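# Survey of secondary and tertiary structure
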Amino acid sequence: QVQLVESGGGLVQPGGSLRLSCAASGSIFNFYAMGWYRQAPGKQRELVAQITSGGRTNYADTVKGRFTISRDNANNTVYLQMTSLKAEDTAVYYCKGSRLGVSPAWGQGTQVTVSS
């Protein structure tokens, strides 16, 4: 069972930047796609960004041009670089690994708070 562990969250001022990391206990090639999701209080969890094993990416409209997802296959880690952060980006951010025929793997989440 591959486990995912997020890190890098914290408190940042509006306009600031953060980089989230998602480290897998095994090869990320076990997943055909890896993504970052977020859940704000009282809201449903939503997709932020996704990257396939082939490197194809897609983003939520709300973060396009501000966030960048990337993967380091050698270190089994997926990153989310977040810039120009806004208060509405405040949420718990989760890493998800999608696998064929089995339930996806989720990390425990990392809190991102954007506030002055």
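Residues numbered from 1 in each chain as written. Predicted model: local features only at pLDDT ≥ 70, side-chain atom pairs only at ≥ 80, totals over all residues. Heavy atoms only, no water.

## Remarks on the pairing of strand β8 (residues 77–82)
Consecutive side chains along a regular strand alternate between the two faces of the sheet. Summarising burial for β8: five of the six residues are buried, a large majority. Looking at chain direction, strand β3 (residues 18–24) and β8 are connected through six bridges and run antiparallel. In the sheet register, Leu18 faces β8, and the bridge partner there is Met82. Where strand β7 (residues 67–72) and β8 come together, six bridges link them in antiparallel fashion. By the bridge assignment, Arg71 is partnered in β8 with Val78. Taken together, β7 and the strand that follows it, β8, pair antiparallel across an intervening segment of four residues, in which Asn76 is found at a positive phi of about 50°. (Buried < 20%, exposed > 50% of the residue type's maximum accessible area, 1.4 Å probe, protein only. Helix = DSSP H or I, 4+ residues; strand = E, 2+ residues; numbered from the N terminus. Pairing = 2+ DSSP bridges.)

## Concerning the sheet that holds β3
The strand order across the open sheet built from four strands is β1-β3-β8-β7, with neighbouring strands paired in antiparallel fashion. Unpaired on one side and paired on the other, β1 (4–7) and β7 mark the two borders of the sheet. Across the sheet, the axes of successive neighbouring strands diverge by a mean angle of 15°, strand direction being ignored. Relative to β3, β1 runs antiparallel, the two sharing four bridges. Looking across to β3, one finds that Leu4 is bridged to Ala24. (Axes fitted to C-alpha atoms, helices over the stretch in contact; angles between N-to-C directions.)

## Let's talk about the environment of Asn73
For Asn73, the location among the structural elements is in the loop between β7 and β8. Filtering out sequence-adjacent residues up to four positions away, Asn73 remains in contact with Ile28 and Phe29. Of note is the side chain of Asn73, whose polar atom sits 2.9 Å from the side chain of Arg71. (Contact = heavy atoms within 4.5 Å. Polar contact = N/O pair within 3.5 Å; in protein donor to acceptor, adjacent residues only side chain to side chain.)

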